[in-house]
Amino acid sequence: MKRYACRNVVMPSEAIELIHKNAEHLTPVAMVAIVQEAYPIVMAMQVYRAWVAMTQTFWQQDDLQIPSAHKLLRELRDYVDVLSPSMLPDGVEMLCWGMMKIAQRLMGKVVEIGIDATLSAISQGKRTKCLAAWAQCLKNTYDINPVFIHINKDMAEISAACSVWSTKISICWWHMQKALREQLKLRRPDKNEHEGGKDNEPEENSKLPRSSSPPAPNLHTANPSITSPVSMPPPAASNPLPASWNETGDFKLQATIP
């Protein structure tokens, strides 16, 4: 039986004190690097959970997530615009905000934007309505009327953008390649649709046993210069016609395929 080495992964009290000291001005990612440099046995998830517990009093304003975030953004009204989307579908709550000091400088100057919505927990129809409500808030608040919109091939994003703006949709090249690869994997070639998928030989020929040298086919070709039976003059002795020439002007060509 294989035995695994065990070690104590309890966070040292000194590491907890280090996190508490830097909780107000360091992000969890930056704090992980500092803590693990001094205490390598501490895991990143331990640092993150300790940081959340210590900073919760600064950002949690309510037990529910959306009301809590809404109250926090109201406290930052000098830096953030809290938008009010309308015409939301039933059963959907949405919180929208914009960075005031950045967006106000760009009012009327934006010519292209990018949209990347990853939510898939609700139906496509509801997602379309939510994104359209958000886009309408951007248009009304910051006078955003882009010429190009870059989208990751999401039909809800495309429908929402086209319902608010008259613009050109530009699909992400990486997502186009990804979608193409996925469709090629899903679609199996149909022998009845694609050239070369179905044998050109008659069915009776396909039943013949395979041999090292296939039988020579008889190719029947019509003479294009003759459309009806005619009376042919007797051939000259110096230039006789082939033995396969018949009265209708057709001939049979015997060919051997190696």
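Just so we're clear, the structure is a prediction, and the values are computed from it rather than from any experiment.

Definitions and limits used
- Residue positions are counted from 1 within each chain, in the order its sequence is given.
- A pLDDT threshold of at least 70 governs which residues receive local features in this predicted model, and a stricter bar of 80 or more applies before side-chain atom pairs are shown or counted, although totals over entire chains, interfaces and linings include all residues.
- Calculated side-chain values reflect all of the structure's heavy atoms, with hydrogen atoms and water omitted.
- Buried means the residue's accessible area, taken with a 1.4 Å probe over protein chains only, is under 20% of the maximum for its type, while exposed means over 50%, and partly exposed covers the values in between.
- Runs of H or I in DSSP of at least four residues are treated as helices and runs of E of at least two as strands, each being numbered from the N terminus.
- Think of it this way: DSSP has to see at least two bridges between two strands before they count as a pair.
- Note on handedness: a clockwise path from strand one over the helix to strand two, with the strands aimed away from the viewer, defines a right-handed crossover.

Student: Quick question: what am I supposed to make of the pairing of strand S4 (residues 148-151) here?
Tutor: Each regular strand shows side chains that alternate between the opposite faces of the sheet. Side-chain alternation along S4 places Ile149 and Ile151 on a buried face and Phe148 and His150 on a face that remains uncovered. Relative to S4, strand S3 (residues 112-115) runs parallel, the two sharing 4 bridges. Paired with Ile115 across the strands is Ile151, a residue of S4. Crossover S3 to S4 through helix H6 (residues 124-142) is right-handed. As defined by bridge partners, S4 adjoins strand S5 (residues 168-171) across 4 bridges and the pair is classed as parallel. Following the sheet pairing, His150 is matched in S5 by Ser170. The parallel pair S4 and S5, bridged by helix H7 (residues 155-164), forms a crossover whose chirality is right-handed.

Student: Help me out: how do you make sense of unusual backbone geometry in this one?
Tutor: Peptide bonds are, in most cases, trans, and in most cases residues other than glycine have a negative phi. One non-glycine residue, Met87, lies in the positive phi region at around 60°. Position of Met87 relative to the elements: it lies in the loop between strand S1 (80-83) and strand S2 (96-99). Using a relative accessible area of 73% as the deciding quantity, one classes Met87 as exposed. The backbone phi angle of Asp143 is positive, close to 55°, even though this residue is not glycine. Mapped onto the fold, Asp143 is located in the loop between H6 and S4.

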